[in-house]
Every structure is written in C-alpha cells, then in structure tokens.
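# Commentary on secondary and tertiary structure
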Amino acid sequence: MLQSKELAVYFIMGSNNVGEKEPLAVLKEALEGGITMFQFREKGAGATFGEQKRVLAGKMKELCDSYNVPFIVNDDVDLAIAVNAAGVHVGQDDESIQTVRARCPASYIVGVSATNISEAIQAANEGADYIGAGPVFATSTKEDAKTPIGLDGLTLMREQIGTTPMVAIGGITEKNAASVRKAGADGVSVISAISLATDPKQAVSHLRK
Ligand code: 3NM
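Residues numbered from 1 in each chain as written. Predicted model: local features only at pLDDT ≥ 70, side-chain atom pairs only at ≥ 80, totals over all residues. Heavy atoms only, no water.

## Observations concerning the sheet that holds strand β6 (residues 130–133)
As summarised here, the arrangement of the eight strands in space is β1-β2-β3-β4-β5-β6-β7-β8, forming a closed barrel in which the pairing is parallel. Here the average twist between neighbouring strands, direction ignored, is 25°. Relative to strand β3 (residues 71–74), strand β2 (residues 37–40) runs parallel, the two sharing three bridges. When the sheet's bridge partners are listed, Phe40 is paired in β3 with Val73. Taken strand by strand, helix α1 (residues 23–33) contacts β1 (9–13) and β2, and its axis lies near 180° from that of β1. Against the sheet, helix α2 (residues 50–66) makes contact with β1, β2 and β3, and its axis sits at roughly 175° relative to β2, the strand it touches most. (Pairing = 2+ DSSP bridges. Helix = DSSP H or I, 4+ residues; strand = E, 2+ residues; numbered from the N terminus. Axes fitted to C-alpha atoms, helices over the stretch in contact; angles between N-to-C directions. Contact = heavy atoms within 4.5 Å.)

In structure tokens, the structure reads:
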C-alpha cells in the first residue's frame, strides 16, 4: 500500500541518463540524499536490454532494499516480477492497469502516467495507486514528451482526482519543486535534476525542502 509521503522525491533513472557517471554510483548517492521512491526506466537511445538490463535492475533493487526505498520498474512487468520489485509504472501506451494487476502480486504498487485530465480521471477510477502527472514543464529528457500542462494543469488534475496520490513530472528542478507541491502534487518525480547533478546527494536534499 502506497503512502503519499513516499512520492515526496521520486527519482527515475536508466543507465543512459547519467552521462559519463556510473548508474549504480548515482543511485547510491541519491539514496543517501534521501529519495523516497525509485523507478528503473531503461528506455531510449543507448539503453540496455535483455540480460544486461535484468542484471542492472537486480543490482539497483538490492541497493534500494538496503535503504528501504520502494523499487518500481517502468513498463516491464516480467522484469518487475523477476527482480521482486515493489511495483510497476505504466504509460498510456503500455499495458492497462487491469492487465498489470492480473499479472502482479496483490501488494504491487501500480502507477500510471497521465498527460491530461481525462487520462488522470480514468487512471484514478481504474484504481491506480498513484498518478504521474506531466509533463508539468518542458523537458528534454523524454523525446516524445507531450505539451506541458503547467502548474494550472496540475491543480485542475488535483481537483478532479480527489485524494488519489499524484506526483508531478517533467522539467522539475530544485527551483520549481515548491511551486509544484503548492499546485497540488504530493511530490516531485525527476530524472535529470538528480541524475545529471554534480552532487546528486545534495540535489536530493534541495528537492526535499
Ligand atoms: N515522463 P526530467 S516527462 C520520464 O510527461 C518522463 O510523462 C514524462 O525528466 C511525462 O526530470 C519525463 O529530466 C522526463 O525533466 C522527466
């Protein structure tokens, strides 16, 4: 069962989001800084696959376990089950919530991306444990990101989904994180603000404030 506070600083990363750095080292620093949830998102140019992807996921899961931080897998139910993840995150073009639920243990956290209000309402009605709302701001990390919904869009989503936990994503930095929470998000979900930070641990502590 997900608690909204676990969404406070939700770090997402794949091996192609860290520049020249070592993904496991970046994740360790982020965990030391106090991230509250982690999503393994191995997608896009340069991403690993097959056995290499599975081995990396297993190592990251172990690391998250040692900090008691839930390990979520993006859009790969088989991998999530293979590494005994805490949950799965799916986008609008991925498997449906119903299919994911049917394939996963009952304890699994299932998160869903929503880029507009109707998708958010549908995800809430279908029993998503949390909604990933965005992009809030412009982002260059996701190649096919939709038009930003802005802070107003986030507030409208909050009004429509009631108390369903909601984390904001897309272009979030330590400078705008507070405004995102004020607009109705339970937390911030970031890739580059942590994965490309000179000091990921410090970046997390700034995002927590
Ligand atoms: N999903 P950054 S935006 C993975 O809108 C992802 O659903 C998005 O990266 C969505 O924190 C995004 O570097 C990229 O902007 C977020």
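## Looking at the site of the ligand
Neighbouring residues of the ligand: Arg41, Gly134, Pro135, Thr139, Thr141, Lys142, Ile169, Gly170, Gly171, Val190, Ile191 and Ser192. Between the ligand and the protein, one listed contact pairs an oxygen atom with a backbone N or O atom of Gly171 at 2.8 Å. In isolation the ligand has 430 Å² of accessible area, and contact with the protein removes 95% of it. For the shell around the ligand, the residue count by class is four nonpolar, six polar and two charged. (Near = heavy atom within 4 Å. Polar contact = N/O pair within 3.5 Å; in protein donor to acceptor, adjacent residues only side chain to side chain. Areas by Shrake-Rupley, 256 points an atom, 1.4 Å probe, with all protein chains shown as cover. Nonpolar A, V, L, I, M, F, W, Y, C, P; charged D, E, K, R; others polar.)

## Section: the UniProt feature "domain: Thiamine phosphate synthase/TenI" (unreviewed entry) in the protein
Sequence positions flagged by UniProt for "domain: Thiamine phosphate synthase/TenI" (unreviewed entry) are, in local numbering, residues 9–194. Segment residues 9–194 splits into 38% helix and 19% strand. End C-alpha atoms: 10 Å apart. (UniProt positions renumbered as here; feature names shortened; annotations may be inferred.)

## With respect to the nonpolar core
In this structure, Phe11, Leu27, Ile35, Phe38, Phe71, Leu154 and Ile194 are the most contacted members of the largest nonpolar core, which totals 56 residues. In terms of residues, this core owes the most to one element, α2, which gives five residues. With residues up to four places along the chain from it excluded, the contact list for Ile194 reads Val9, Phe11, Val26, Ala30, Ile35, Pro200, Val204 and Leu207. Within the second largest apolar cluster, ten residues are counted, among which are Leu2, Met37, Ile109 and Val167. (Core = buried A, V, L, I, M, F, W, Y, C linked by side-chain atoms within 4.5 Å. Buried < 20%, exposed > 50% of the residue type's maximum accessible area, 1.4 Å probe, protein only.)

## Here's the deal with the packing of helix α5 (residues 117–125) against helix α6 (residues 150–161)
Packing of α5 against α6 brings their axes to within 9 Å, and their N-to-C directions diverge by 30°. The orientation of α5 with respect to α6, classified from their angle, is roughly parallel. Crossing of α5 against α6: the hand is right-handed. Of the residues in α6, those touching α5 at Ile117, Ala120, Ile121 and Ala124 are Leu156, Met157, Gln160 and Ile161. Considered class by class, the residues forming the contact of α5 with α6 number seven nonpolar, one polar and no charged. (Parallel < 35°, antiparallel > 145°, perpendicular 65-115°, else oblique. Left-handed = near helix turned anticlockwise from the far one by under 90°.)

## Describing the layout of surface pockets
By volume, the largest pocket is sized at about 1000 Å³. In terms of lining residues, the largest pocket is bounded by 44 residues, among which Arg41, Lys142, Glu143, Asp144 and Ala145 are the most central. Residue assignment for the lining of the largest pocket shows that the elements contributing at least two residues are β1, β5 (109–114), β6, β7 (166–169), β8 (187–190) and α8 (192–195). Counting residues per element, the lining of the largest pocket draws most heavily on α8, which supplies three residues. Of the residues belonging to the lining of the largest pocket, the class tally is 14 nonpolar, 21 polar and nine charged. (1 Å grid on protein atoms, 1.4 Å probe; cavity = no way out; pocket = protein on both sides within 12 Å on 5 of 7 lines; lining within 4 Å. Points joined across faces, edges and corners; volume = space filled by probe spheres on them.)

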